[in-house]
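Report on the structure
Listed below are the residues making up each chain.
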Amino acid sequence: KINILLSVSIAISNKAPLLENADMALKHIKTDYKKSLIMFDPNLNLVGKIQENIETIQLVDDAIKHDRVVAYFQPILNLTTNKVEKYEALVRIIKPDGSILPPLEFLPIIEDTTLYYKITKIMILETLKMAHAHPAYRFSINLLMQDITNNKLMDMLFEKLEHRETNNI
């Protein structure tokens, strides 16, 4: 006996263009697992959200091209000894105006794009550089399952770790 759990999401639109609006509404409802039915409503501002996502993707792509993806190293403090145990690498994007874009404002948007792989690669390389420059400290980086199962990314990581004694990091 096999149990299969099924969920159904339905989106309806009575505003033209019908299919495009229903598709936007369907993608929107899939972010809220409590709902399974939605009627397209222009007040949801789905077109505006899509435009914002496109702008964020362009901003991240531009940041990658212009070396504005930076690793912030946050100290992790042992509360018993009051000493820094290690540093955690946290990604940030520097916008062209100099302001900082935190990860919650771009990672969920780029997660299913090739930009996500590029950001993860940059973070790994920056963390390895910092670890090489400061061997007395420990560093950690957050990886998702999709990072760990990405053969290209893991091959690059293990190659860098195998050659860490060189200045090639």
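Report follows, based on the coordinates. In every chain, residue numbers begin from 1 and rise along the written sequence. Local features in this predicted model are restricted to residues whose pLDDT is 70 or higher, and side-chain atom pairs enter the listing and the counts only when it is 80 or higher, whereas totals over whole chains, interfaces and linings include all residues. Hydrogens are left out, water is left out, and the side-chain values use all remaining heavy atoms of the structure.

What follows covers the side chain of Asp147. Under the scheme used here, helices are H or I runs from DSSP no shorter than 4 residues and strands are E runs no shorter than 2 residues, and both carry numbers assigned from the N terminus. Relative to the helices and strands, Asp147 resides in helix H5 (residues 145-148). Throughout, exposure labels follow a simple rule: accessible area from a 1.4 Å probe, protein chains only, divided by the maximum for the residue type, with under 20% read as buried, over 50% as exposed, and the rest as partly exposed. Positive charges come from Lys and Arg alone, negative charges from Asp and Glu alone, with His and the N- and C-terminal ends not counted. Salt bridges are defined by distance alone: a side-chain nitrogen of Lys or Arg within 4 Å of a carboxyl oxygen of Asp or Glu. Here Asp147 occupies a buried position and makes no salt bridge, while the nearest side chain of opposite charge, Lys121, is found at 13 Å. Apart from the residues lying within four places of it in its own chain, the contact partners of Asp147 are Tyr116, Thr120, Leu153 and Met154. Any two residues having at least one pair of non-hydrogen atoms within 4.5 Å are treated as being in contact.

A word on the environment of Asp41. For Asp41, the location among the structural elements is in the loop between strand E2 (37-39) and helix H2 (46-65). Asp41 gets classed as partly exposed once you look at its relative accessible area, which sits at 32%. Between the alpha carbons of Asp41 and Pro17 there is a distance of 12 Å; along the sequence they are 24 residues apart. Side-chain atoms alone can form a polar contact between residues adjacent in sequence; in general such a contact is a pair of N or O atoms within 3.5 Å, and within protein one must be able to donate a hydrogen while the other accepts it. Reaching out from Asp41, the side chain makes a polar contact with the backbone nitrogen of Asn43 at a distance of 2.9 Å.

Let us look at the pattern of salt bridges. Following the criterion strictly, the structure yields 4 salt bridges and no others. The residue Lys65 makes a salt bridge to Asp61 at a minimum N-O spacing of 3.0 Å. Placement of both Lys65 and Asp61 in helix H2 is noted, with a separation of 4 residues, approximately one turn of the helix. Lys65 gets classed as exposed once you look at its relative accessible area, which sits at 60%.

What follows is about the environment of Phe40. Structurally, the position occupied by Phe40 is in the loop between E2 and H2. Taking the relative accessible area as the measure of exposure, Phe40 reaches 9% and is therefore buried. Spatially, the C-alpha atom of Phe40 lies 44 Å from that of Thr127, the residues being 87 residues apart in sequence. In contact with Phe40, other than residues within four places in its own chain, are Ile12, Ser13, Lys15, Asn21, Met24, Ala25 and Leu46.

Aromatic pairs are defined between Phe, Tyr and Trp rings, using the six-membered ring for Trp, whenever the two ring centres lie within 6.5 Å; interplanar angles under 30 degrees are classed as stacked, those over 60 as edge-to-face, and all others as tilted. Tallied over the entire structure, the rule returns 3 aromatic pairs. Summarising the aromatic geometry, the rings of Phe73 and Phe139 are spaced 5.6 Å apart at their centres and angled 80° between planes, so their arrangement reads as edge-to-face. Taken together, the residues Phe73 in strand E3 (residues 69-78) and Phe139 in strand E6 (residues 139-141) connect sequence positions 66 residues apart. With a centroid separation of 5.4 Å and an interplanar angle of 85°, the aromatic rings of Tyr87 and Tyr137 are classed as edge-to-face. One end of the pair, Tyr87, is in strand E4 (residues 83-94); the other, Tyr137, is in the loop between helix H4 (114-133) and E6, and 50 residues separate them in sequence. A relative accessible area of 18% means that Tyr87 is categorised as buried. Given the relative accessible area of 45%, Tyr137 is considered partly exposed. Among the aromatic residues, ring-to-ring pairing joins Phe73, Tyr87, Tyr137 and Phe139 into one connected group. Ring-over charges, as used throughout, are those where CZ of Arg or NZ of Lys falls within 6 Å of the ring centre and within 35 degrees of the ring normal. Lying over the aromatic face of Tyr72, Arg92 brings its terminal NZ or CZ to 5.5 Å of the ring centre.

Right, let's talk about the packing of helix H1 (residues 18-29) against H2 for a bit. Angles run from 0 to 180 degrees between N-to-C directions of axes, and those axes are lines fitted to C-alpha atoms, restricted for helices to the stretch in contact. Where H1 meets H2, the axes come as close as 10 Å, and the angle between the chain directions of the two elements is 70°. The orientation of H1 with respect to H2, classified from their angle, is roughly perpendicular. Between H1 and H2, the residues in contact are Met24, Ala25 and His28 and Leu46, Val47, Lys49 and Ile50, respectively. The classification used treats Ala, Val, Leu, Ile, Met, Phe, Trp, Tyr, Cys and Pro as nonpolar, Asp, Glu, Lys and Arg as charged, and all other residues, Gly among them, as polar. Among the residues forming the contact of H1 with H2, the class breakdown is 5 nonpolar, 1 polar and 1 charged. Angles are sorted into four bins: roughly parallel if under 35 degrees, roughly antiparallel if over 145, roughly perpendicular if 65 to 115, and oblique for all others.

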